[in-house]
Amino acid sequence: MSNLLVFVEQREGCVSAVTKEILSAGAALAKELGVEIHALVLGDKGIGSSSIELTDYGADQIFLAEHPELNVYLGENFASVIASAIEAGNYRAVMFPATAMGKDLAPRVTAVLDTVMATDVTQVEVIEDGLEITRPIFGGKVLAKMKFRAFPAVISVRPNVFPPEKSSGAGHINKIEVSLPLTEGLSVEKIENLGRQNLDVSEAKSVVSGGRGMKGPDNWKLLEELRDALGPEAALGASRAVVDAGWRPHGEQVGQTGKTVAPKLYIAVGISGAVQHLAGMGTAQTIVAINKDADAPIFGVADYGIVGDAMEILPKLTEIIGELNAGE
Amino acid sequence: MEIIVCVKRVPDTEARIRILEGSPEISLEGVKYVTSPYDEFALEAGIRLKEVHETTTVTVLTLGDDEAQENLRNALALGADQASLLRGSTTMDGLATAKVLASEIDEKKPDMVLLGVKAGDDDQQQVGPMVAALLGYKCATNVTNFQVQGSIVTCQRQIENGTEVIELALPAVITVTKGEFEPRYPSLKGIMAAKKKPLVIKDVEVPESRLVLTGLEYPPERDGIHMVKEGLDGITELVQLLREEAKVL
C-alpha cells in the first residue's frame, strides 16, 4: 500500500483550478510519506496535453484513459474506468474534487471498490497508522476528524482550501486500456450556462452575498457591479431568505441548505446572519459585514463591519475598489 | 410506478450543535429533530409523481431508531402510501448505510429511488450514488427538477456553472436538491389518514463503520470585529484595511 492518486477534473478541456489545489496538497503529503503522487486523466484523444501542467503541480506518474465517449462526463463510465485504474495501482488514498462531478463520481467508485469515503475534506494529516482527515459536519457548525479502516481511502477535497503550489514531479506518462460498461439508456443532452457566471460561488476567491436588506431583486445590479470590480475570480452569493423569496437562484445560496464556501473574501450585504448561513461561510478567510442593523448576528462572526444603508455604501465601495484595481 | 423515497431523521438545521467536553461526541440533549430538508424535497418529488400517475405508489424508507417512526408518519401524512423502518444504528460510513438500504430496495425492485442529495447531519453526500452502484441502477445527483416519460426520466442537475440535462432509463436513483420541489405541509385529512397506513418495522444489522471518528472541534474563532465609521465615511478606511491588513484586495 503506497502511492496517492488524484483524479483530474477537466472543464472545457482544461485542468480545473481545484485539481491543481488537490495535486499540490497530495504532492506535499506524498513527500511526507515518501511515496509517489499519481494523476489520472479521462477524456477524448488529446488529453495528454494536460500532462505538462500536471507535472508542474507535482505529478510523478500520469495515467491517461483516452476514449471518445469519455469526452462527456457520465458517472457510470467514469466510475468504471477509475475503479479499474485504482485496482491496478494499489493506492493508499484516492483524492477527488468535492465538486458536482467529484461528489457524483467518488461515491460510485467507493461502492465499486467496497471501501470507505470522506466528503468535503479540509485537512489531511499523516498519523501513525495512516491518514487522518478533517471535514465539516452539520453544515460547518463542527469540524470532525476521522481515520479510515479500509483502503484505498477515498477523499473528496473542498475547493479553495489548499493553495495551489508548483513543485515538479517526474511526470511519466502511461496510457491505460479503456473498456467501457454498457451505458445504454443514459445520455447527457446538454449543459446550460447561466451566462457570465462561469465561476460558482463555492469556487470563487471573492464572494459578494446579498440578503433581505437588499430590499428587492432589482437592487442586485449593485452587487453585480461590486463583484465585477473585484475581478474575474469573484462570484455572487445569496442568503436563504432571498432564494426562498425567488429573488435569486438556489445555485447561489450559501448556508446549510445551500453551498458551503471558503473564499478569501466574503462580503455579506444586508444579511442578518441566521445560524445556517453563518455555518456555510464561517471558514472564509476574511468576512466583511454591511448591515444597517448594528445588532445583526453577522457582526458576531465578521472581521470588518460597517453599519449603514447598503444602497448608499455599495456604489461608493465599488467605485473605490474599481479605482484601486484599475490603478494596478 | 413504484417509488421508494429514503429519508433520514436529523437534528434541526437551526439547532446549535455542542461537543461533549473531553470526548469526540456530539451532545444532542434537547435538540429538536426533523426530516433532513433535502429528503423533504425528494419526498415532495415522489408525491407529485403520484398526483400525475394514479397507479404510482410511494414507499418511504429509513434507517434509524424507533424515534424515526415520527418522521415516517409525517411522510405518510404528506401523501406516501406505506413506510418501512429499518431499525438499526445510523453511521457516518455512507457505504454501510447504502448496503442496508440497497438490500431492502433490491427486494422491492422499484422503478425509481429518490433521496435527498445529502443528510443534514453528516453531510457526506454518498448514499444515493452508492445505492445506484450497488444495484446497477442508473443515477443522477444534485437534481433540481425531473420529468418522467414512459421508461425515461429527464433530470436537470445543478453543476458549478449551470445546469446539466441528463436522460436515464428506469430503474434509476435520483438525489434531489433544492429547486422545484418545495415541500408541502401536511393536511389534517392527511394526518388522520396516515394513522391507518402501513408502517413496517424490521431489525437490520448495519455493517461496522470503516470511518472512525477521532475528534471534534469548533471552527476557529475570529479575533473580533473591527467596526469602521458608520455610513459613507467608513468606506475608505474599510478598503484600506482589506488591502493592507487583510491583504485580500
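Since we're looking at a predicted model, the values are computed, not measured.

Q: Help me understand the domain arrangement of chain A in this model?
A: Interfaces are often sized by the accessible area lost when the parts come together. Residue and element names in this part refer to chain A. Parsing chain A into structural domains produces domain 1 (4-176) and domain 2 (206-326). One C-alpha centre belongs to domain 1, the other to domain 2, and the line joining them spans 32 Å. On the domain 2 side, the residues contacting the 7 residues of domain 1 number 9 residues. A breakdown of the residues in the side of domain 1 that touches domain 2 according to their chemical character gives 2 nonpolar, 3 polar and 2 charged.

Q: Can you walk me through the sheet that holds strand E4 (residues 37-43) of chain A in this structure?
A: The pairing of strands in a sheet comes from backbone hydrogen bonds and takes either a parallel or an antiparallel form. All names here are of chain A. Pairing within the open sheet is parallel, and its 7 strands lie in the order E7-E11-E6-E1-E4-E5-E12. Either end of the sheet is taken by a strand with one partner, and the two such strands are strand E7 (116-121) and strand E12 (172-176). Adjacent strand axes in the sheet meet at a mean angle of 20 degrees, parallel and antiparallel pairs treated alike. Direction of pairing for E7 relative to strand E11 (residues 153-157): parallel, over a ladder of 4 bridges. Residue Ala-118 lies in a different strand from E11, and its bridge partner there is Ile-155. Against the sheet, helix H3 (residues 75-89) engages strand E1 (4-8), E4, strand E5 (61-66), strand E6 (93-97) and E12, with an angle of about 150 degrees to E4. Each of E6, E7 and E11 touches helix H4 (residues 100-113); the most contacted strand, E11, lies at about 175 degrees to it.

Q: Explain the sheet that holds strand E15 (residues 226-227) of chain B to me, please; I cannot follow it from the model alone.
A: Here we have 6 strands laid out as an open sheet, ordered E15(A)-E14(A)-E16(A)-E17(A)-E18(A)-E15(B), and parallel in their pairing. Only two strands of the sheet have a single neighbouring strand rather than two, namely strand E15 (234-238) of chain A together with E15 of chain B. Strand direction decides the pairing type here: strand E18 (residues 304-307) of chain A and E15(B), joined by 2 bridges, are parallel. Among the inter-strand pairings, A:Tyr304 is bridged to a residue of E15(B), identified as B:His226.

Thresholds, definitions, all that
Residues numbered from 1 in each chain as written. Chains lettered and ligands numbered in written order. Predicted model: local features only at pLDDT ≥ 70, side-chain atom pairs only at ≥ 80, totals over all residues. Domains from an automatic or database assignment. Contact = placed C-beta atoms within 7 Å. Nonpolar A, V, L, I, M, F, W, Y, C, P; charged D, E, K, R; others polar. Pairing = 2+ DSSP bridges. Helix = DSSP H or I, 4+ residues; strand = E, 2+ residues; numbered from the N terminus. Axes fitted to C-alpha atoms, helices over the stretch in contact; angles between N-to-C directions.

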